[in-house]
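# Results of the structural survey
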Amino acid sequence: MRFRSSLIFAVLGAASLLRAQSTDGSLRGVVRDGTGARVACSSVDVVANGSVSRRSATCSERGVFRVEGLAPGDYSVTVHAAGFADASAALRIVLGTTRQMMVTMQPGSVRQTVSVTGQAGLGSSITTQPLDRSSAVHQSVITSRDLATLPLAERSFANIAYLAPGTEPVEPSDPTKARITAVSTGGSSGLNNELSVDGGDNSDDFIGGFLQNYSPDAIREFSVRTAQEDANTGGTTAGSVVILTKSGTNEWHGDEAFYERAAALNARYPIENPAPNPKQPFSRQNYIATLGGPVRKDRLWFFASYEQVHEDASIAYSPASVTQFDALSTLAAEGLIPGVGAIPVPANVPVPFRDYLGLLRLDWAQSQRSDWVLRGAIDNYTTHNNLVQQGTLPSTGLLTHNNYLNLVLSNQFQLSSTWLANFVFSAGGLHLTQVRNSNLGFALAFPFSSTSLTVSGYETFGDNQFATPITFFPSERNQEKYQWRYDVMNTRTNHSVAFGVNFIHEPVLDGAFPSNDETLYQFPQNPDYYLSHPAQFATDRSAGATTSNLGGGFAQNIQRLALYAQDSWQARPQLVLNYGLRYSTTFGLFEGSGRSQLENPGYRTLQALGIPLVTGAPQDDRAQVAPRIGIAYTPGKGGGNTVLRAGFGLFFEDLAQGGWATAFQAVNTPSAACVDPLQGAADNGCVPGSAAGGHANLIDPHYRTPYAIHVSAGLEHWFGKGWAASADYTHEQGNHSYRGYSYTGGVNLLTPLLPDSSPEQAAVVPDASIFHSDNRSSYNALMLHVQGNVTGRLNLVANYTLASAKTWGCVLGELFDYVNGVCNPLQPFGPGDYGPSGEDVRHRVAVAGTLTLPGKVMLSTLTQAETARPFTITTADNSGRIAVNGVPTSLDQFRGTPYVQADLRVSRPTRLRENWSLIPFAEFFNLLNRNNPGANYVTNLAALPVPADVAASGNVTAVCANAACTASQPISSLNQLRVAGGALGDFFGPGTTVGIPFAAQLGMRLTF
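Residues numbered from 1 in each chain as written. Predicted model: local features only at pLDDT ≥ 70, side-chain atom pairs only at ≥ 80, totals over all residues. Heavy atoms only, no water.

Rule in force here: UniProt positions are given in the numbering used here, feature names are shortened, and annotations may be inferred rather than shown by experiment.
As named in an unreviewed UniProt entry, the protein chain is Carboxypeptidase family protein, taken from Acidipila rosea. Listed under Subcellular location (unreviewed entry) in UniProt, the entry text for the protein chain is "Cell outer membrane".

Have a look at this one:
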């Protein structure tokens, strides 16, 4: 070997100096002699194993060196110094981390060669993350080893992201993207998180959250960051997820795997599928194949992955739902539902789901200074009977087809020994179509169909209305996104300065709502009530009828620009200061089909009526200036085992466009002028009055980009022998997030052209929805983290979070989401409107680990437990919150039950030949078969067991004492109104906050 002599290398740990959308890591080191004196080395060479890629650096007079922009992987490091033998070591760089090295040089007269690996395995699992010495960023790195060894209920990387401190599960709230799992950070719904894959943006700018899904077998590692990102990260007010896909190497490698689930391996859902009813059908198979290797050794490599999901799930109906469905079927047979003479009631509803995920990646080491990556990925899935839930009939479902495509091309070029440049080009697309199961032109909605997590909307029977209690959602979506990002980094002894530009162009961000007339009949009572009151059925049907036409398409063309500069300054040997500044803005954010909101017929109508509710058009925000600062201090000399850190930063993110798509739809086509609304139909440029069903949708002109202020402090200590613990506190103050104001023409929206008491007010003044950005929120959390290794047989990680998340809302409250509204638009910050968010989990514990037993049997667990989540109970017409014994309830005052789920994986690897192994395994979800309704409870008063007069009044004073409600008893506790809503249906997939019953999964994996 060419190394002449020896070394003593100590790799003391890794720090989480993040690279934002970049997936690189870095290396920092100190060189000294045997007495501890610093040595000014002549050079440091860092060579990627199995590649010609090489990076070089020099030491300062104090023996300090830094190498930035290292792709995750294994490296050989060699230090040269005059008068000393060369020192070499092997180490591993992990995504978004900085490795710290202490190099002790030996005299040149020592003629021996010693190579020390220096804890190269650190960072190979979330259970063995090394000490953070140089950053205030809160992050966890999860590797392919974690994805392969821990039980994943939905085989989604998001299932394991919950192990990062400060995260929690959350149901996806997007009816257009089934199975795209969300991750809550900062007490939010997860729609305000930023996601990148291989450096390319992968965020959904219409709904928010993740856009495209990736197979866990295609992921090398990913970082979950929950607070205090550096200035090179934007597009988030809470957290971000950075994913790095697998790549080829000089060695051929791959996996073939098969997963099997079936109804025979599942327990029953306790509410909707009790014995002696037949067990609801279910089967799922996952077929996985990956292959990577060299095209040209040391120069060009490829990696490919493919996963197919073949699932035949079903929706079971609870006895309570079947009772209501049978009553509805009887009403139809009696001729009470015009045009419908019969309504079949199936025992269950099949929900076939087919998903195909593919990825191909090429890595090219063009030279020692230049490296290229080209990666393409697709995700194509189809869902039948989508959005059908256990309280809705099959007619309300949809046939949903989603197509995703993403391409990334990136280059890293070493301009000199101190200058490094990174370029990323990303292109992505989405095409979605949703087709109704029925086209009757109407739907019937009864209270029993609505729960706190109902996503399919209001319908019990009939056409899907493409509406939820939150908002409308499109039947077609298209998105094209192109990203150009360029970053430059200059590395000196004590400084690592970076600056860059990120430009995103979305020429296509459009969709369509159904354009046919639909009538929704909302009933205050359930069908069984009308069996004995048939005359009331017709009366309530007429009174609860609303006819609408969602009106077709919307289209946008948006550009997003961000600039940043930052520095990581080693101010003292024990002190690192990270500081930076980010500026971002948008172009065309509020234009629809190239038209301003000044052309919105609703705006013109209000102006003509003399109503100063909206005084102009919103403009792109040019004031998004975000400073970031963080410190990391290590007491003691020579690299101590304790780190103190703190940070402060501003984080901006524009609201997803889905919350106000109806405002863009209003300007999709040119409209005539509105001159005199008092002329009624004669002035066809005006929105009709409320009495005629007219509705204006407008964006408040005083829009400001939502932002959060992060303040954090923490302590981390490394105990040695693989044990570490940390405690972090974070405060996130939210500002300018979304709220919808709903006005009723002729009631609380009046024109001065007519007397306030005039009955003509409702004839000329439309209802109006005004979308504001005036909400505020607060999140506070204390996060405790412990990780350790016991005798090499047990690796484990445990997190505990004590948190509080609060916001303003009416019947729904979320942080940085578009679901929040106001109960009274004339008093938007009213009593009881401030309360917990839907993800306000006060106490949460997550534990994961792997135990190796004798005989090479491996037991892995992922166990979660959390206190009850909040929800709100609304009046029968869903217009506000109920009162209990005359006292109005506040936002999310009710609580569900605690959630506990323990998952277990048992495997036993068998070596077939060198580097070949066969791994049979069995996975068990909800091992204790605990009933976990989470926060999915009945939230409409009319669907609760209360007397009819109580339901009509909105003031709960008594609850039914028997099923027929012939007797009642006074209400003395809010828990008397806590009625579980059952399973969520296949839209969500099992294993989020509404737990599945016990289920088992069998499989086999071949690895080489």
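### Some thoughts on the UniProt feature "domain: TonB-dependent transporter Oar-like beta-barrel" (unreviewed entry) in the protein chain
Note the cut-off: Numbering of helices and strands runs from the N terminus; a helix is a DSSP stretch of H or I covering at least four residues, while a strand is a stretch of E covering at least two.
Here the UniProt-annotated "domain: TonB-dependent transporter Oar-like beta-barrel" (unreviewed entry) positions come out as residues 245-316 and 355-879. Counting secondary structure, residues 245-316 comes out at 0% helix and 58% strand; the distance between its end C-alpha atoms is 38 Å.

### Some thoughts on the pairing of strand 32 (residues 624-633)
Convention followed: Buried, partly exposed and exposed residues are distinguished by accessible area as a fraction of the type maximum, computed with a 1.4 Å probe on protein chains only: under 20%, between the cut-offs, and over 50%, respectively. When DSSP finds two or more bridges between two strands, those strands count as paired.
The alternating pattern of strand 32 places Gln-624, Ala-626, Arg-628, Gly-630 and Ala-632 on a buried face, while none of Val-625, Pro-627, Ile-629, Ile-631 and Tyr-633, on the opposite face, is buried. Pairing between strand 31 (residues 575-587) and strand 32: 10 bridges, direction antiparallel. Bridged to Tyr-579 within strand 32 is Ile-629. Taken together, the six bridges between strand 32 and strand 33 (residues 642-652) define a ladder with antiparallel strand orientation. Across the sheet, residue Gly-630 finds its bridge partner in strand 33, namely Gly-647.

### Brief notes about the state of the cysteines
Our working definition: Pairs of cysteine sulfur atoms within 2.5 Å are identified as disulfides in what follows.
Tallied over the entire structure, the rule returns three disulfides. The disulfide that involves Cys-674 links it to Cys-686, with 2.0 Å between the sulfurs. Its S-S torsion of about 100° marks the bond between Cys-674 and Cys-686 as right-handed, since a negative value means left-handed. Residue Cys-674 is located in the loop between helix 7 (661-665) and strand 34 (695-699), and its partner Cys-686 is located in the loop between helix 7 and strand 34; the two are separated by 12 residues in the primary sequence. Considered together, Cys-674 and Cys-686 belong to a single accessibility category, that of buried residues.

### Things to note about the sheet that holds strand 49 (residues 955-956)
In sheet architecture, strand pairing relies on hydrogen bonds along the backbone and comes in two forms, parallel and antiparallel. Spatial ordering of the open sheet is given by 44-43-49, a layout of three strands whose pairing is mixed. Both outer strands of the open sheet, strand 44 (887-888) and strand 49, are each paired with one neighbouring strand and no more. Pairing analysis gives two bridges linking strand 43 (residues 883-884) to strand 49, with the strands arranged parallel. Among the inter-strand pairings, Val-884 is bridged to a residue of strand 49, identified as Val-956.

### So, the sheet that holds strand 14 (residues 200-201)
A sheet is described by the order of its strands in space; here five strands give the open sequence 10-15-16-13-14, paired in mixed fashion. Every interior strand has two partners, whereas the edge strands, strand 10 (138-143) and strand 14, have only one. Judged from the four bridges that link them, strand 13 (residues 194-197) and strand 16 (residues 240-245) form a sheet pairing that is parallel. Residue pairing across strands places Ser-196 opposite Val-242, the latter belonging to strand 16.

### A few points about the nonpolar core
So the rule is basically this: Joining through side-chain atoms within 4.5 Å is the link that ties buried Ala, Val, Leu, Ile, Met, Phe, Trp, Tyr and Cys residues into a set, and such a set is a nonpolar core. Domain segmentation is taken from an automatic or database assignment of domains. Any pair of residues with heavy atoms lying within 4.5 Å of one another is described as a contacting pair.
In terms of nonpolar packing, the biggest core is built from 37 residues, with Phe-157, Ile-160, Phe-210, Phe-222 and Ile-243 touching the most fellow members. Residue assignment places this core across two domains, with domain 2 (138-245) and domain 3 (253-1007) each supplying three or more. Not counting residues within four places of it along the chain, the set of residues in contact with Ile-243 comprises Thr-23, Phe-157, Leu-195, Ser-196, Val-197, Asp-198, Ile-219, Glu-221 and Phe-222. Core analysis: the second largest hydrophobic core is formed by 24 residues, Leu-191, Leu-398, Phe-513 and Tyr-738 among them.

### As for helix 3 (residues 319-333)
Along an α-helix, a turn takes 3.6 residues, which lines up residues three or four apart on a common side. Inclusion rule: Here the expected length of a helix is defined as 1.5 Å per residue gap, with one fewer gap than residues.
The end-to-end C-alpha separation of helix 3 is 21 Å, in line with the 21 Å expected for 15 residues at 1.5 Å each. For helix 3, the complete set of buried residues consists of Ser-321, Gln-324, Phe-325, Ala-327, Leu-328, Ser-329, Leu-331 and Ala-332. Contacts made by the buried residues of helix 3 are with strand 24 (442-445), strand 25 (461-462), helix 4 (527-531) and helix 5 (534-543). Once helix 3 finishes, Gly-335 follows within two positions and takes phi at roughly 80°, a positive value.

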